[in-house]
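Chain residues, written in single-letter form:
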Amino acid sequence: MNVKILIIGGGPAGLAAAIGAYDKGEKDILILEREDRLGGILNQCIHNGFGLHTFKEELTGPEYAQRYIDEVKKRNIKYLLNTTVVRLEENKHVVALNEEGVLEIDAEAVILACGCRERPRGAINIAGSRCSGIYSAGTAQKLVNIDGMMPGKEVVILGSGDIGLIMARRMTFEGAKVKAVLELMPYSSGLNRNIAQCLNDFNIPLRLSTTVIEILGEERVEGVVVAKVDEKLRPIMSTKETIKCDTLLLSVGLLPENELARGANVDISKVTRGANVDDNLMCSIDGVFECGNVLHVHDLVDFVSLEAKKAGENAYKYVNSAEHKKYEKTIIEAKDGVRYVVPEMILKSDDTEPLSLKLRVGNVYKNKYLEVICDGEAIYSKKKQILTPGEMQNIELDATQVKKLRNASNIVVSLR
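Residues numbered from 1 in each chain as written. Predicted model: local features only at pLDDT ≥ 70, side-chain atom pairs only at ≥ 80, totals over all residues. Heavy atoms only, no water.

Caption draft 1: Inspection of the overall build of the protein at higher detail. Helix and strand content of the protein: eight helices and 26 strands. For 416 residues, the compact-globule estimate of 2.2 N^0.38 gives 22 Å, and the protein sits close to it at 22 Å. If one aligns the C-alpha atoms of the protein with their principal axes, the spans along those axes are about 65 × 60 × 40 Å. For the protein, the residues scored as buried account for 53% of the 416 residues in total. Considering only intrachain contacts with a sequence separation of at least 6, the fraction spanning at least 24 residues in the protein is 62%. As presented, the protein carries roughly 19000 Å² of accessible surface, and 47% of it is formed by carbon and sulfur atoms. Charge centroids of the protein, computed over 54 positive and 58 negative side chains, lie 4 Å from each other. (Helix = DSSP H or I, 4+ residues; strand = E, 2+ residues; numbered from the N terminus. Rg over C-alpha atoms; globule rule 2.2 N^0.38 Å. Buried < 20%, exposed > 50% of the residue type's maximum accessible area, 1.4 Å probe, protein only. Contact = heavy atoms within 4.5 Å. Areas by Shrake-Rupley, 256 points an atom, 1.4 Å probe, with all protein chains shown as cover. Lys, Arg positive; Asp, Glu negative; His and termini not counted. Charge placed at Lys NZ, Arg CZ, Asp CG, Glu CD.)

Caption draft 2: Just helix H8 (residues 399-407), in detail. Gln401, Val402, Leu405 and Arg406 are the residues of H8 that are buried. The buried side chains of H8 occupy one side of the element, clustering within an arc of 135° when seen end-on. For H8, the exposed residues lying more than 90 degrees away from the buried face are Thr400, Lys403 and Asn407. Those residues of H8 that are buried are in contact with strand E21 (345-347), strand E22 (355-361), strand E23 (365-374), strand E24 (377-387), strand E25 (393-397) and strand E26 (411-415). Its side-chain oxygen at 3.2 Å from the backbone nitrogen of Thr400, Asp398 defines the N-terminal cap of H8. (Arc of directions from axis to C-beta. Polar contact = N/O pair within 3.5 Å; in protein donor to acceptor, adjacent residues only side chain to side chain.)

Caption draft 3: The arrangement of the state of the cysteines in detail. If you walk through the whole model with that rule in mind, you get zero disulfides. Here Cys116 stays free of any disulfide, with the sulfur of Cys45 as its closest cysteine sulfur at 10 Å. Residue class for Cys116 comes out partly exposed when judged on its relative accessible area of 26%. The thiol of Cys291 is not disulfide-bonded; the next cysteine sulfur, from Cys114, is found 9.0 Å away. (Disulfide = S-S within 2.5 Å.)

Caption draft 4: Spotlight on helix H1 (residues 12-24). Its 13 residues give H1 an end-to-end C-alpha distance of 19 Å, which sits within 8% of 18 Å, the value for a rise of 1.5 Å per residue. In terms of residue burial, H1 counts as a mostly covered element, since 11 of its 13 residues are buried. By the burial criterion, the buried members of H1 are Pro12, Ala13, Gly14, Leu15, Ala16, Ala17, Ala18, Ile19, Gly20, Ala21 and Tyr22. Where H1 is buried, its residues contact strand E1 (2-8), strand E2 (29-32), helix H2 (61-74), strand E6 (101-112) and helix H7 (301-319). Phi turns positive one or two residues past the end of H1, at Gly25, with a value near 135°. (Expected span 1.5 Å × (residues − 1).)

Caption draft 5: How the structure looks around the sheet that holds strand E20 (residues 338-342). The strand order E20-E22-E25 describes an open sheet built from three strands, whose pairing is antiparallel. Only two strands of the sheet have a single partner each, and these edge strands are E20 and E25. Within the sheet, the average angular offset between the axes of one strand and its neighbour, ignoring direction, is 25°. Relative to E25, E22 runs antiparallel, the two being bridged by five bridges. For Leu355, the partnering residue across the bridge sits in E25 and is Leu397. Contacts between H8 and the sheet are confined to E22 and E25, with E25 contributing the most and set at about 95° to the helix. (Pairing = 2+ DSSP bridges. Axes fitted to C-alpha atoms, helices over the stretch in contact; angles between N-to-C directions.)

Caption draft 6: Main features of the pattern of salt bridges. For the coordinates displayed, the defined rule picks out 23 salt bridges. Each of Asp23, Glu71, Lys74 and Arg75 takes part in a single network of salt bridges with overlapping partners. (Salt bridge = Lys/Arg side-chain N within 4 Å of Asp/Glu carboxyl O.)

Caption draft 7: View of the environment of Asp375. Relative to the helices and strands, Asp375 resides in the loop between E23 and E24. Considering only alpha carbons, one finds Asp375 and Val412, 37 residues apart in sequence, at a separation of 8.5 Å. Those residues in contact with Asp375 that lie beyond four places of it in its chain are Asn407, Ala408, Ser409 and Asn410. Separated by 3.1 Å, the side chain of Asp375 and the backbone nitrogen of Ser409 make a polar contact.

Functional significance is not addressed by these values, which are geometric in nature.
Following this line, the structure appears as structure tokens:
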């Protein structure tokens, strides 16, 4: 099978990318989705808070997804469900499996929109037996919202990521007692609005600089031993205490699903775990693009949709260009509190369309200037009252600033 643009993933990123490419003029598009329905993780996110930027109203996850699904169907964009991609090759040859057998697809452009997965228990090395009652927060969310099953009645949540915060509220709604949300770092990794709406409104304690050092129980979780940690994140054993519970939910980080990219030898960022991309969202392989949470973990789905739409538009330009120009690239350096910037590279082209840089900081900072410096000149400087790792920052650059950015030999994004 041959296709102009192949999109791997039918969640919010894949849907928006398909619409972006279609509306530019490309009709030969195929979406591959491994689940039995489009919409991705939004199908289990039944809480509201989605769509404020995109639709100027509050929607639930399924409602937000359905609006994009409707637009895809309106355009008659082709998609295959229950189809798992097992290999992406450097020449954009894709191998997938579904009930009909093995599919081999050659694409002129591939958009990776595979989303992310949760970091498992094995990645954080908590002592204790392999008893039942330990779930990732996302798995618990699916059990409650999709399958109608309660994971437990007395709950401790480790990690203050947004899914963990939202599940603290959700478990409370369903009658469980959430005894505490524990966070290893001295700050929460979730959005401030979720701390307020999901914890403070229900008197659920958030205990910072605290972690689980042991899980108690043989057949089922019976409790957890927790302790404060020092500035090097080592447990302070004199502070340990036992919290009785029958369920431990883990919300300890998200990782981009980049196995396909790695298999194709795409350059991967050591910080984001997504691909290193230029400002067209193209990876180190010509014609392979990434967008959404497979590129870097976003805090709002609205930003996923905007980024993915751009990826789709750029894929259209790629497959419909008579020739693919090779531009020099300037690497963006993240310094002085800025943990990473996406895109990581800027093309030395003559394009002066407005450009967005997305970034996260590595700690909590107050009253700092966020700056973009090109060859020693600050082309962007904005004072921020507070910056936290849980809030993604957007730097919007106009045509004049983009021109300077593209002509620069040295680009730094930093805090001052």
